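Residue strings, one per chain:
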Amino acid sequence: MRTEPIRVIGAGPAGCSASLSALQQGAHVTIFEKTRFPRHKVCGEFLSPEAVVILERLGVLSEFLDLRPHPVTEANVFFGAVNKRWKLEESAFGISRYALDSALLGCAVNRGAELVREAAEPNHGLTILAHGRQHSSSRKDRLFGFKAHYSGPLSHSVDLYFDRKMYVGINCIEDRLTNVCGLAPESLLREHGFDPDSLLAAIPRLKERISPLCRQMEWLITGPLVFGGGFGQAAPGVYPVGDALGFVDPFTGSGMLGALVTGLVAGRSCAQAVPSARYLAECKSILQSQYGAASLFRKLVSWGLADKLAWLLPGQRLFSLTRPAVARAL
Ligand SMILES: Cc1cc2nc3c(=O)[nH]c(=O)nc-3n(C[C@H](O)[C@H](O)[C@H](O)COP(=O)(O)OP(=O)(O)OC[C@H]3O[C@@H](n4cnc5c(N)ncnc54)[C@H](O)[C@@H]3O)c2cc1C
């Protein structure tokens, strides 16, 4: 067991999970967060069912349920005109990042973490890197994410629309709101003057889905987005977690789950003096097949073959292929 303090850079789901996990091991934790919470964030706000086990292990499940996340029990996926619908084996959750991130940070502080409201860089001390994904991209047609909250009729399904190299996910969250979040290449956004309203209106099925809803906030846009994992190396004493470790394609709706899982393992490993190389190998075994499935699926979508795969595989199998191997982290 180490006695030196642990610095956690970033207070998103990964940083908070890592902090809570390290605190459970008796470590002294300081969290650095450059943004004031609560704050909105571009995210589909679909939290995978397996998150319950992690939140329970971190001792914050009741605080999470107090946020009254919206139950999501069905998936409804459109590949152009082809539709696939199935019941989720376990209920997932719709929860805003505004509420979730703030609640997790509150839990970490209540359990003894010190919060420093400023940006930090890694130094020579023990560090959990939870600063989120990298922003630079060298690819030609860069990808951007956008999201807004709407009011209107509620539903218990997560609706995913793949169309023209973009996709949009729609699911309800707490407080009777609906999250609309998408990802599109720069060229397509440019055609629509970087206005998501115009982009969504150009796809009849999406236009129809959104027409009874009323937008409640300005669009948030983020990017460019770069996918992939970096399980290769980290300096001794440095533990990258969540998106700082690797960014899985958001259509999987499992980025927050990955952040919570790797946070749990990182906090424990850092506090117990497990070498960071061994920690990275553990993360690889938890995340690798999920990354492989997500990248294959993205290729199939871009080649226009995803609908054919969708007919071959049961929906629940499609879903489980893109989840991290949570049991390995417990
Ligand atoms: C378009 C889109 C849709 C998505 N939809 C979903 C979805 O439906 N479901 C899902 O599970 N995941 C989804 N994701 C992925 C999910 O948002 C991420 O996987 C998740 O936010 C990762 O959490 P994190 O804690 O690693 O990083 P973040 O949530 O990015 O948190 C990083 C934190 O670090 C802080 N920070 C950064 N640099 C510093 C610094 N130097 N010093 C101090 N603080 C710093 C930031 O302010 C931020 O608060 C989506 C992502 C995108 C882009």
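Keep in mind that what you see is a predicted model, and the values were worked out from it rather than measured.

The next subject is the site of the ligand. For the ligand, the set of nearby residues contains 38 residues, the closest of which are Glu-33, Gly-44, Arg-97, Asp-243 and Met-256. Side-chain polar atom of Arg-39 to an oxygen atom of the ligand: 3.1 Å apart, as the coordinates give it. One of the backbone nitrogen or oxygen atoms of Gly-44 is found 2.8 Å away from a nitrogen atom of the ligand. Out of a free accessible area of 1,000 Å², the ligand has 93% covered by protein chains.

With that settled, consider the sheet that holds strand E15 (residues 238-240). The sheet built from five strands is open, its strands ordered E6-E2-E1-E7-E15 with parallel pairing. Of all the strands in the sheet, just strand E6 (114-116) and E15 have a single pairing partner and so form its edges. With strand direction ignored, the average angle separating the axes of adjacent strands in the sheet is 20°. Here strand E2 (residues 29-32) pairs with E6 via three bridges, running parallel. Along E6, the bridge assignment pairs Thr-30 with Glu-114.

Let us look at helix H8 (residues 255-271). Over its 17 residues, H8 runs 24 Å from end to end, which matches the ideal 24 Å to within 8%, given 1.5 Å per residue. Along H8, 16 of the 17 residues are buried, which leaves the element largely enclosed by surrounding structure.

Attention now goes to unusual backbone geometry. With an omega of -5°, the peptide bond between Phe-37 and Pro-38 qualifies as cis. One can find Pro-38 in the loop between E2 and strand E3 (46-47). In this chain, Gly-223 is followed by Pro-224 through a cis amide linkage whose omega measures -5°. You will see that Arg-68, though not glycine, has its phi angle at about 55°, which is positive. Within the secondary structure layout, Arg-68 lies in the loop between helix H3 (61-66) and strand E4 (70-79). The class of Arg-68 is exposed, set by a relative accessible area of 68%. Of note, Phe-194 is a non-glycine position whose phi angle comes to about 55°, a positive value. Relative to the helices and strands, Phe-194 resides in the loop between helix H5 (186-191) and helix H6 (196-201).

We now examine the nonpolar core. Ranked by size, the top nonpolar core spans 78 residues in total, and within it Ile-6 and Tyr-279 carry the most contacts. Non-local contacts of Tyr-279, meaning those with residues more than four positions away in its chain, are made with Tyr-239, Pro-240, Val-241, Leu-245, Thr-262, Val-265, Ala-266, Ser-269 and Val-274. Core analysis: the second largest hydrophobic core is formed by 21 residues, Phe-146, Tyr-161, Val-168 and Leu-200 among them.

Bringing the environment of Arg-142 into the picture now. With respect to the element layout, Arg-142 can be found in the loop between strand E7 (127-129) and strand E8 (143-151). The sequence separation of Arg-142 and Lys-41 amounts to 101 residues, and the corresponding C-alpha distance is 19 Å.

Considering all chains together, one arrives at eleven aromatic pairs under this definition. Ring centres 4.9 Å apart and planes at 5° place the aromatic pair Phe-78 and Tyr-161 in the stacked group. Placement of the pair is Phe-78 in strand E4 and Tyr-161 in strand E9 (residues 157-163), with a sequence separation of 83 residues. For the residue pair Phe-78 and Tyr-161, the accessibility class agrees, reading buried in each case. Aromatic pair Phe-79 and Phe-162: ring centres 5.3 Å apart, planes at 15°, arrangement stacked. Residue Phe-79 is located in strand E4, and its partner Phe-162 is located in strand E9; the two are separated by 83 residues in the primary sequence. Phe-79 gets classed as buried once you look at its relative accessible area, which sits at 9%. Among the aromatic residues, those joined into a cluster by ring pairs are Phe-79, Phe-162, Tyr-167 and Phe-251. The lysine or arginine in question, Arg-323, covers the ring of Phe-319, its NZ or CZ lying 3.9 Å from the ring centre.

Take the pairing of strand E11 (residues 177-185) next. Residues in a regular strand project their side chains so that they alternate between the two faces of the sheet. In terms of burial, E11 is largely enclosed, as eight of its nine residues are buried. Across nine bridges, E8 lies against E11 in antiparallel orientation. From the neighbouring strand, His-149 faces E11, where its bridge partner is Asn-179. Of the pairings in the sheet, the one linking strand E10 (residues 166-172) to E11 comprises six bridges and is antiparallel in character. Bridge pairing links Ile-170 to Val-180 in E11. Taking the residues that link successive antiparallel strands as the turn, the E10-E11 hairpin has four residues, and the phi of Asp-175 there is positive, at about 60°.

Turning next to the side chain of Thr-222. Following the sequence through the fold, Thr-222 ends up in strand E13 (residues 220-222). Looking at Thr-222, the relative accessible area reads 16%, which means it is buried. A distance of 2.8 Å separates the side chain of Thr-222 from the side chain of Arg-133, its partner in a polar contact.

The rules behind the values
- Residues numbered from 1 in each chain as written.
- Predicted model: local features only at pLDDT ≥ 70, side-chain atom pairs only at ≥ 80, totals over all residues.
- Heavy atoms only, no water.
- Near = heavy atom within 4 Å.
- Polar contact = N/O pair within 3.5 Å; in protein donor to acceptor, adjacent residues only side chain to side chain.
- Areas by Shrake-Rupley, 256 points an atom, 1.4 Å probe, with all protein chains shown as cover.
- Pairing = 2+ DSSP bridges.
- Helix = DSSP H or I, 4+ residues; strand = E, 2+ residues; numbered from the N terminus.
- Axes fitted to C-alpha atoms, helices over the stretch in contact; angles between N-to-C directions.
- Expected span 1.5 Å × (residues − 1).
- Buried < 20%, exposed > 50% of the residue type's maximum accessible area, 1.4 Å probe, protein only.
- Core = buried A, V, L, I, M, F, W, Y, C linked by side-chain atoms within 4.5 Å.
- Contact = heavy atoms within 4.5 Å.
- Phe/Tyr/Trp six-rings, centres within 6.5 Å; stacked < 30°, edge-to-face > 60°.
- Lys NZ or Arg CZ within 6 Å of the ring centre and 35° of its normal.

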